[in-house]
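# Results of the structural survey
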Amino acid sequence: MFDNKERTNIEELGEFGLINYLTKNIKLTQKSTTKGVGDDAAVLDFEGKKTLISTDLLLEGIHFDLAYTPLKHLGYKAIQVNLSDIYAMNGTASQVTVSIGISSKFPLEAVEELYEGIYLACDKYNVDLVGGDTSSSKQGLVISVTSIGYADEKDVVYRTGAEEGDLVCVSGDLGGAYIGLQLLEREKRIYLENPNIQPDLEGKDYIVERQLKPEARRDIVDLLKEIEVKPTSMIDISDGLASELLHICKQSDKGCNLYEEKIPLDPMTFDTAREFNLDPTVCALSGGEDYELLFTVKQADYEKIKFKMDITIIGYITEPSAGCNLVTKAGAVHALTAQGWNAFKSGV
């Protein structure tokens, strides 16, 4: 997690000293950032574009477990899950604010490690860190990130625009983050029973990274613009494919047919799910935290997307009276249901 040999108590710096320490090397890259950290509020100028704003809260013991989550990875992930919301609106992410609540168990070196991940994500995705807050916390580590972006009004995509006959598409592959979490939880249990046994994650890098270090799909937004395809609706997959598709159908007042055989699964996800006696399809439908993009496009755009790497057509939109259905590999039709993860019912 962090090196205890070097430990600087945050009390030595105080709140404002900590803020100055963490923000002293910030470099602004976005022309829309007029004023970043250092005043009562950031000043942004998007020159007539629509502003997009989204906020996520990550709580220790609910959204992450520091027993197996490196702080650098956690900082990186905290930014990614927020940027994903901006990309799901077909927008460009440009700024973030980051607020943290930290307990006395965290020395300055641990907070530095967290912010290394935050800065790495901001740099990779060309996003400015323009503000935030720090506080002490008696409930463990708390991270709140607000992402800000922009888009031309004509380019913004909502969840409400799906039309009958539209193709249902998804980026990447699904279920890997959930299976990665099961693997990490298993190794934690083994370690707690016998601390002399080292974690065995060999050969499972992909699914572990899907959980600990997800990547928001800015590249898919860029690709769709490049091939001149505007989705009719879009959402990011944080709570599982089934939950997100049902959101689109409900808000668009439509039904859908989702084909099990079309759901993209990485071989490692499939094989590891079987090792855990889990149904790989259920992991993709309800696992969550994949942060892929789920979107619908007009049938007229089929030729433009059918051979695009990392985009899979998995179904189509129907009239609302047809309901939302999963068509199994055997051809059986079942009502699509969401078991999506519920923070108010379960912890990590």
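Scroll up to find the structure.
Reading the values: rules and limits
- Residues numbered from 1 in each chain as written.
- Predicted model: local features only at pLDDT ≥ 70, side-chain atom pairs only at ≥ 80, totals over all residues.
- Heavy atoms only, no water.
- Helix = DSSP H or I, 4+ residues; strand = E, 2+ residues; numbered from the N terminus.
- Contact = heavy atoms within 4.5 Å.
- Areas by Shrake-Rupley, 256 points an atom, 1.4 Å probe, with all protein chains shown as cover.
- Pairing = 2+ DSSP bridges.
- Axes fitted to C-alpha atoms, helices over the stretch in contact; angles between N-to-C directions.
- Patch = residues over 30% accessible without salt bridge, like charges linked within 9 Å, V, L, I, M, F, W, Y side chains within 5 Å.
- Salt bridge = Lys/Arg side-chain N within 4 Å of Asp/Glu carboxyl O.
- Lys, Arg positive; Asp, Glu negative; His and termini not counted.
- Charge placed at Lys NZ, Arg CZ, Asp CG, Glu CD.
- Expected span 1.5 Å × (residues − 1).
- Buried < 20%, exposed > 50% of the residue type's maximum accessible area, 1.4 Å probe, protein only.
- Parallel < 35°, antiparallel > 145°, perpendicular 65-115°, else oblique.
- Left-handed = near helix turned anticlockwise from the far one by under 90°.
- Nonpolar A, V, L, I, M, F, W, Y, C, P; charged D, E, K, R; others polar.

Check the secondary structure of the protein and you find ten helices and 13 strands. Of the contacts formed within the protein by residues at least 6 apart in sequence, a portion of 86% connects residues at least 24 apart. For the protein, the accessible area works out to roughly 17,100 Å², and carbon and sulfur atoms hold 49% of it.

With that settled, the discussion passes to the sheet that holds strand E3 (residues 50–59). Taken in spatial order, the four strands line up as E3-E6-E4-E5 in an open sheet, and their pairing is mixed. The open sheet has two edge strands, E3 and strand E5 (128–136), and neither has a second partner. Pairwise comparison of adjacent strand axes, ignoring direction, gives a mean angle of 15° for this sheet. Where strand E4 (residues 92–102) lies against strand E6 (residues 142–151), nine bridges are found, and the strand directions are antiparallel. Across the sheet, serine 99 pairs through a bridge with serine 144, a residue of E6. Docked against the sheet, helix H2 (residues 71–87) engages E3, E4 and E6, running at close to 35° with respect to E6. The sheet strands contacting helix H3 (residues 108–124) are E4, E5 and E6, and the helix crosses E4 at an angle near 170°.

A contiguous patch of negative charge on the surface is contributed by Asp200, Glu202, Asp205 and Glu209. Among the secondary structure elements, aspartate 205 is positioned in helix H5 (residues 205–212).

For helix H4 (residues 176–193), which comprises 18 residues, the first-to-last C-alpha distance of 26 Å matches the rise-based estimate of 26 Å (1.5 Å per residue) to within 8%. Where H4 is buried, its residues contact H5, helix H8 (267–275) and helix H9 (280–286).

In this fold, glycine 161 is placed in the loop between E6 and strand E7 (167–171). Judged by its relative accessible area of 24%, glycine 161 is partly exposed. Setting aside residues up to four positions removed in sequence, glycine 161 forms contacts with Asp166, Thr232, Ser233 and Ser252.

It is worth spelling out the sheet that holds strand E13 (residues 333–335) at this point. Adjacent strands of a sheet form backbone hydrogen bonds with each other and so pair up, either parallel or antiparallel. Reading across from one edge, E8-E10-E7-E11-E9-E12-E13 is the order of the seven strands in this open sheet, with mixed pairing throughout. Each of the sheet's edge strands pairs with one partner strand only, and the pair in question is strand E8 (233–236) and E13. Sheet twist, expressed as the mean angle between neighbouring strand axes with direction ignored, is 25°. With three bridges joining them, strand E12 (residues 324–327) and E13 adopt antiparallel strand pairing. Along E13, the bridge assignment pairs valine 327 with valine 333.

This part covers the pattern of salt bridges. Scanning the entire structure with this criterion turns up 15 salt bridges. The salt bridge involving glutamate 215 is made with lysine 124; its shortest N-O contact spans 3.3 Å. A residue pair is termed long-range when its members are at least 10 positions apart, and glutamate 215 in the loop between H5 and helix H6 (218–226) and lysine 124 in helix H3 qualify at 91 residues. With its nearest N and O atoms 3.3 Å apart, the salt bridge here joins lysine 204 to glutamate 275. Highlighted residues: lysine 204 in the loop between H4 and H5 and glutamate 275 in helix H8, separated in sequence by 71 residues. Taking the relative accessible area as the measure of exposure, lysine 204 reaches 15% and is therefore buried. Residues joined by salt bridges that share partners form a network here, namely Arg210, Arg217, Asp219, Asp290, Glu292 and Asp310.

Following both chains from N to C, one finds H2 and H3 inclined at 40°, their axes separated by 7 Å at the closest point. Taken together, the axes of H2 and H3 lie oblique to each other. The way H2 lies across H3 gives a crossing that is right-handed. Residues Leu71, Lys72, Leu74, Gly75, Tyr76, Ile79 and Gln80 of H2 pack against Ala110, Glu113, Leu114, Glu116, Gly117, Ile118, Leu120, Ala121, Cys122 and Lys124 of H3. Its residues assigned to classes, the contact of H2 with H3 comprises ten nonpolar, three polar and four charged.

Once that is clear, we can look at the packing of H4 against H5. The interhelical angle for the contact between H4 and H5, taken along N-to-C directions, is 100°, at an axis separation of 7 Å. What the angle tells us is that H4 and H5 run roughly perpendicular. The residues of H5 that touch H4, namely those facing Gly176, Ala177, Ile179, Gly180, Leu181, Leu183 and Leu184, are Ile207, Val208, Arg210, Gln211 and Leu212. Its residues assigned to classes, the contact of H4 with H5 comprises eight nonpolar, three polar and one charged.

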